[in-house]
Amino acid sequence: QVQLVESGGGLVQAGGSLRLSCAASGGTFRNYVMGWFRQAPGKEREFVAGVPSGGGIYYADSVKGRFTISRDNAKSTGYLQMNSLKPEDTAVYYCAARPFKGSSDPKEYDYWGHGTQVTVSS
């Protein structure tokens, strides 16, 4: 059983930056794909970025060039660096994990954190 805990959310002005962290425990972190998702009020949860342990990073088109996903297997921690934030990035951000194979479908992820709020003011 993998436990995930996000941190780093907050309130930022448009154009600003935030760095989210996702600390994992209870499993062999390097065996899992780590993904970031977000959910805005009244909207479905959507994929943001994913990073398998062996590489092959992928992003949603809406965040390409602005967000960077990374992971540190030695620390069992994943990161999402968010730059040039826009008001439409406002959402609860979740990290998630699934074994081995990457996916942008939230239904294919087995483990989820509780989320961290990101609010971008205009």
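Residues numbered from 1 in each chain as written. Predicted model: local features only at pLDDT ≥ 70, side-chain atom pairs only at ≥ 80, totals over all residues. Heavy atoms only, no water.

## Remarks on the state of the cysteines
Tallied over the entire structure, the rule returns one disulfide. Covalently, Cys 22 is tied to Cys 95 through a disulfide, its sulfur atoms 2.0 Å apart. Here the disulfide of Cys 22 and Cys 95 is right-handed, its torsion about the S-S bond being about 60 degrees. Residue Cys 22 is located in strand β3 (residues 18–25), and its partner Cys 95 is located in strand β9 (residues 91–99); the two are separated by 73 residues in the primary sequence. (Disulfide = S-S within 2.5 Å. Helix = DSSP H or I, 4+ residues; strand = E, 2+ residues; numbered from the N terminus.)

## Structural notes on the pattern of salt bridges
Where charged atoms from two side chains of opposite charge approach closely, those side chains can pair. For the structure on display, the rule yields six salt bridges. Bridged by salt links that share partners, the residues Arg 38, Glu 46, Arg 66 and Asp 89 form one connected network. (Salt bridge = Lys/Arg side-chain N within 4 Å of Asp/Glu carboxyl O.)

## What to know about the side chain of Thr 116
Mapped onto the secondary structure, Thr 116 falls in strand β11 (residues 116–121). In this structure the side chain of Thr 116 is engaged in a polar contact, spanning 3.2 Å, whose partner is the backbone nitrogen of Gly 9. What Thr 116 contacts, discounting residues up to four positions off in sequence, is Glu 6, Ser 7, Gly 8, Gly 9, Leu 20, Ala 91, Val 92 and Tyr 93. (Polar contact = N/O pair within 3.5 Å; in protein donor to acceptor, adjacent residues only side chain to side chain. Contact = heavy atoms within 4.5 Å.)

## A closer look at the environment of Val 120
Structurally, the position occupied by Val 120 is in strand β11. Residue classification places Val 120 among the buried residues on the basis of a relative accessible area of 5%. Taking C-alpha positions, Val 120 is 11 Å from Val 92, a pair spaced 28 residues apart along the chain. Not counting the four nearest positions on each side in its chain, Val 120 is found in contact with Val 12, Gln 13, Ala 14, Leu 85, Lys 86, Pro 87, Asp 89 and Thr 90. (Buried < 20%, exposed > 50% of the residue type's maximum accessible area, 1.4 Å probe, protein only.)

## Looking at the nonpolar core
Judged by nonpolar contacts, the single largest core of 34 residues is most densely connected at Leu 4, Trp 36, Val 48, Phe 67, Leu 80, Met 82 and Tyr 93. Secondary structure elements with two or more residues in this core: β3, β4 (32–39), β5 (46–51), β7 (67–72), β8 (77–82), β9 and β11. Excluding its chain neighbours within four sequence positions, the residues that come into contact with Leu 80 are Leu 18, Arg 19, Leu 20, Trp 36, Val 48, Ala 49, Phe 67, Thr 68, Ile 69 and Tyr 93. (Core = buried A, V, L, I, M, F, W, Y, C linked by side-chain atoms within 4.5 Å.)

## Describing the packing of aromatic side chains
Under the counting rule described, the total for this entry stands at seven aromatic pairs. Centroid distance Tyr 32 to Tyr 111: 6.0 Å. Interplanar angle 75 degrees. Geometry classified as edge-to-face. Of the two residues, Tyr 32 sits in strand β4 while Tyr 111 sits in strand β10 (residues 111–112), which places them 79 residues apart along the sequence. Here Tyr 32 matches Tyr 111 in class, with each residue buried. Taken together, the aromatic side chains of Phe 37, Phe 47, Tyr 58, Tyr 94, Tyr 109 and Trp 112 make up a single cluster linked through ring pairs. A cation over an aromatic ring shows up here: Arg 45 above the ring of Tyr 94, its NZ or CZ 3.8 Å from the ring centre. One Lys or Arg, Arg 45, reaches over the ring of Trp 112 and ends 4.7 Å from the middle of that ring. (Phe/Tyr/Trp six-rings, centres within 6.5 Å; stacked < 30°, edge-to-face > 60°. Lys NZ or Arg CZ within 6 Å of the ring centre and 35° of its normal.)

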